[in-house]
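Listed here are the chains, written in short residue letters.
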Amino acid sequence: MDTSSTSAYDDVRTASRALATEAVHAGRDDLARQGLHAPPIDLSTTYPSYDSRAEAARIDAFATDGADPVGPPVYGRLGNPTVARFETALARLEGTGSAVAFASGMAALSAVLLARSAMGLRHVVAVRPLYGCSDHLLTAGLLGTEVTWTDPAGIEDALRPDTGLVMVESPANPTLAELDLRAVAHACGSVPLLADNTFATPVLQRPAEQGARLVLHSATKYLGGHGDVLAGVVACDEEFAGRLRQIRFATGGVLHPLAGYLLLRGLSTLPVRVRAASANAAELARRLAADPRVARVRYPRLGGAMIAFEVHGDPHEVISRVRLVTPAVSLGSVDTLIQHPASISHRIVDADDRRGAGVSDRLLRLSVGLEDVDDLWSDLDQALGAPGARRVTPLREAVR
């Protein structure tokens with residue numbers, strides 16, 4: 001298995017600085033001039049203003065285009081200085097003009113759908129698999145949207161005059177299927193492509209450079225990186241960011257300032273964490289692929305810290321036997337997590353649709369953390385149970 005992609009982040013550069021440098025300094029560039037080293041946490045919900053006329057003008061301006069109000073903050077639902085630092089940093093890492101943060105990844109996706117629907121563009125074209133709740137939000141039409149599910153080759157034919165969005169996830173949750181984002185973006189024509197980049201992060205992939213106009217993150221995962229913050233963010237151009245800010249103001253899906261602070265802190269170690277976790281994951285994928293108790297292993301060519309694997313035995317038994325690895329939903333933390341997608345993250349997706357997207361009942365999803373790789377393997381080894389008589393699946397078949 002080629003694991004060279006796990007070091008690809010070393011060559012990634014933003015417009016002016018290497019990504020590793022940007023991760024540490026973006027959103028903090030003004031601190032030294034203020035005599036500060038750590039970014040402050042602004043917990044204010046409202047701010048004093050003695051000029052009502054000027055305040056009214058700033059609110060009118062926000063209502064027009066959703067731009068950040070010029071001057072001091074107005075009210076927490078319009079924006080927060082601590083959260084703005086995180087948004088600035090994430091936009092720099094993803095190579096977009098702006099970014100807008102929300103209280104969760106689903107709140108972020110909901111805001112995108114509402115923004116397009118408000119323009120009369122209620123139809124969405126989507127490629128499975130997606131995160132289970134994203135799939136459910138689209139399929140159930142909870143926000144008045146209509147979805148057409150297709151494979152990448154069918155995107156262009158699925159477009160309609162009222163199509164407001166094409167949505168993909170690559171590597172996909174939970175199968176880790178990868179798409180050619182540049183080809184997908186070309187097929188979208190003038191319709192915006194939304195790429196969920198939660199699994200790859202801007203360390204391994206920057207979808208905006210491949211033609212995606214919107215980049216979605218469940219920031220709860222790798223961007224925060226420590227399992228202690230719930231958040232979502234959309235990186236995009238400033239025009240669409242204005243629409244998202246207006247939706248956020250109207251619906252109240254704002255990110256708490258403390259969460260913004262934790263996310264900004266998380267970004268500073270993102271390249272280091274992704275590199276270390278990816279190295280662990282690549283090694284575990286190699287060992288799993290050579291194990292007769294494992295039927296199939298899926299590991300992205302892009303690299304990363306996620307592994308999907310199918311077992312010959314009962315996946316629920318594997319979940320019940322881990323001791324070092326934590327059996328829990330979510331991913332992207334410094335510790336290793338395992339879960340059974342068909343029971344948890346993708347349970348809400350119709351069973352036939354789930355299986356059709358490659359999410360089998362024997363599939364396990366492993367989010368690899370920063371522990372010693374031999375300790376992780378020791379735990380997985382005992383959790384897989386006694387070796388059976390199954391043949392070893394060749395590595396070229398097993399690892400994808």
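Residues numbered from 1 in each chain as written. Predicted model: local features only at pLDDT ≥ 70, side-chain atom pairs only at ≥ 80, totals over all residues. Heavy atoms only, no water.

Describing the pattern of salt bridges
So, point 1. Applying the stated criterion across every chain yields a total of 21 salt bridges.
So, point 2. Residue R293 is joined to D381 by a salt bridge in which the shortest nitrogen-to-oxygen separation is 2.5 Å. In this pair, R293 sits in the loop between α11 (270-289) and β8 (294-298) while D381 sits in helix α14 (residues 373-384), placing the two residues 88 residues apart along the sequence.
So, point 3. What makes R293 buried here is its relative accessible area of 8%.
So, point 4. Three or more residues are tied together by salt bridges with common partners; here these are R17, E22, D29 and R92. (Salt bridge = Lys/Arg side-chain N within 4 Å of Asp/Glu carboxyl O. Helix = DSSP H or I, 4+ residues; strand = E, 2+ residues; numbered from the N terminus. Buried < 20%, exposed > 50% of the residue type's maximum accessible area, 1.4 Å probe, protein only.)

Structural notes on the packing of aromatic side chains
So, point 1. Following the criterion strictly, the structure yields one aromatic pair and no others.
So, point 2. Between the aromatic rings of F62 and F249, the centroid separation amounts to 5.6 Å while the plane-to-plane angle is 75°, which identifies the pairing as edge-to-face. Of this pair, F62 sits in helix α2 (residues 52-65) while F249 sits in helix α9 (residues 238-251), and the two are 187 residues apart along the sequence.
So, point 3. Relative accessible area serves as the criterion here: at 4%, F62 is assigned to the buried category.
So, point 4. The exposure class of F249 is partly exposed, given its relative accessible area of 28%.
So, point 5. In this structure, K221 is placed above the aromatic ring of Y131, and the distance from its NZ or CZ to the ring centre is 6.0 Å. (Phe/Tyr/Trp six-rings, centres within 6.5 Å; stacked < 30°, edge-to-face > 60°. Lys NZ or Arg CZ within 6 Å of the ring centre and 35° of its normal.)

Observations regarding the UniProt feature "modified residue: N6-(pyridoxal phosphate)lysine" (unreviewed entry) in the chain
So, point 1. With numbering aligned to this structure, UniProt lists the feature "modified residue: N6-(pyridoxal phosphate)lysine" (unreviewed entry) at K221.
So, point 2. Looking at where K221 falls in the secondary structure, it is placed in the loop between β6 (214-217) and β7 (232-236).
So, point 3. Setting aside chain neighbours within four positions, we find K221 in contact with T198, S330, L331 and G332. (UniProt positions renumbered as here; feature names shortened; annotations may be inferred. Contact = heavy atoms within 4.5 Å.)

Some details on the sheet that holds β6
So, point 1. Taken in spatial order, the seven strands make up an open sheet running β1-β7-β6-β5-β4-β2-β3, and their pairing is mixed. Each edge of the open sheet carries a strand with a single partner, namely β1 (98-102) and β3 (146-149). Between one strand and the next, the sheet's axes are offset by a mean angle of 20°, whatever the strand orientation.
So, point 2. Here four bridges tie strand β2 (residues 123-126) to β3, and the two strands are oriented parallel to one another. Within β3, the residue paired with V125 across the bridge is T148. (Pairing = 2+ DSSP bridges. Axes fitted to C-alpha atoms, helices over the stretch in contact; angles between N-to-C directions.)

Quick word on a nonpolar patch on the surface
So, point 1. A grouping of I41, L43 and L258 is seen on the molecular surface, where their side chains present a nonpolar patch of about 260 Å² in accessible area.
So, point 2. Within the fold, L258 resides in helix α10 (residues 257-268). (Patch = residues over 30% accessible without salt bridge, like charges linked within 9 Å, V, L, I, M, F, W, Y side chains within 5 Å. Areas by Shrake-Rupley, 256 points an atom, 1.4 Å probe, with all protein chains shown as cover.)

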